Amino acid sequence: MNVGMATVLSPMIVHASRLPEELLVRADLEHEPLVMLESTPDGALVRKLTQAEKVRYAERTGESVFFGSAAEMDEAVLGVPVDDAADE
């Protein structure tokens, strides 16, 4: 997959503002601040991050992530692993 002059060798999270708007519009992701770029046999794939990917990204970078709805936020919060050792 070619994005500008770069080739994506493995999936990567990208700030959507760094991608061509046409690519985001075709993928119906023009309102997403972060997207996942993946190479497929058919060509480029840009997709919305899963809630788990958003949480891992926020944990790794310290950057805030965007949840599009209350249900998406609830799913993300419920998906965070609970540390049972903290309760002891």
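Here we summarise the structure given alongside this text. Within every chain, residues take consecutive numbers counted from 1 along the sequence as written. Predicted model: local features are reported for residues with pLDDT of at least 70 only, side-chain atom pairs are reported and counted for 80 or more only, and whole-chain, interface and lining totals are derived from all residues. Values reported for side chains reflect all heavy atoms of the structure, with hydrogen atoms and water molecules removed beforehand.

Quick look at the side chain of Glu32
Step number 1: Secondary structure elements follow DSSP: runs of H or I of four or more residues count as helices, runs of E of two or more count as strands, with numbering from the N terminus. By secondary structure assignment, the location of Glu32 is in the loop between α1 (21-26) and β4 (34-40).
Step number 2: Burial classification: accessible surface area is computed with a 1.4 Å probe over protein chains only, and a residue below 20% of its type maximum counts as buried, one above 50% as exposed, and the rest as partly exposed. Look at Glu32 and you get buried, because its relative accessible area is 11%.
Step number 3: Two residues qualify as a contact provided that any one of their heavy atoms is within 4.5 Å of a heavy atom in the partner residue. With residues up to four places along the chain from it excluded, the contact list for Glu32 reads Ala16, Lys48, Lys54 and Phe66.

Thoughts on the pattern of salt bridges
Step number 1: Note on definitions: salt bridges are taken to be side-chain nitrogens of Lys or Arg within 4 Å of carboxyl oxygens of Asp or Glu. Summed over all chains, the structure comprises five salt bridges.
Step number 2: For Glu22, the salt bridge is made with Arg26, and the minimal N-O distance between the two is 3.6 Å. With Glu22 and Arg26 both in helix α1, this residue pair falls four residues apart, about one helical turn. For the pair Glu22 and Arg26, a shared accessibility class is recorded, and that class is exposed.
Step number 3: Here Lys54 makes a salt bridge to Glu32, at a shortest N to O gap of 3.9 Å. Residue Lys54 is located in helix α2 (residues 51-61), and its partner Glu32 is located in the loop between α1 and β4; the two are separated by 22 residues in the primary sequence. For the residue pair Lys54 and Glu32, the accessibility class agrees, reading buried in each case.
Step number 4: A single network of salt bridges, built from pairs that share partners, joins Glu32, Lys48 and Lys54.

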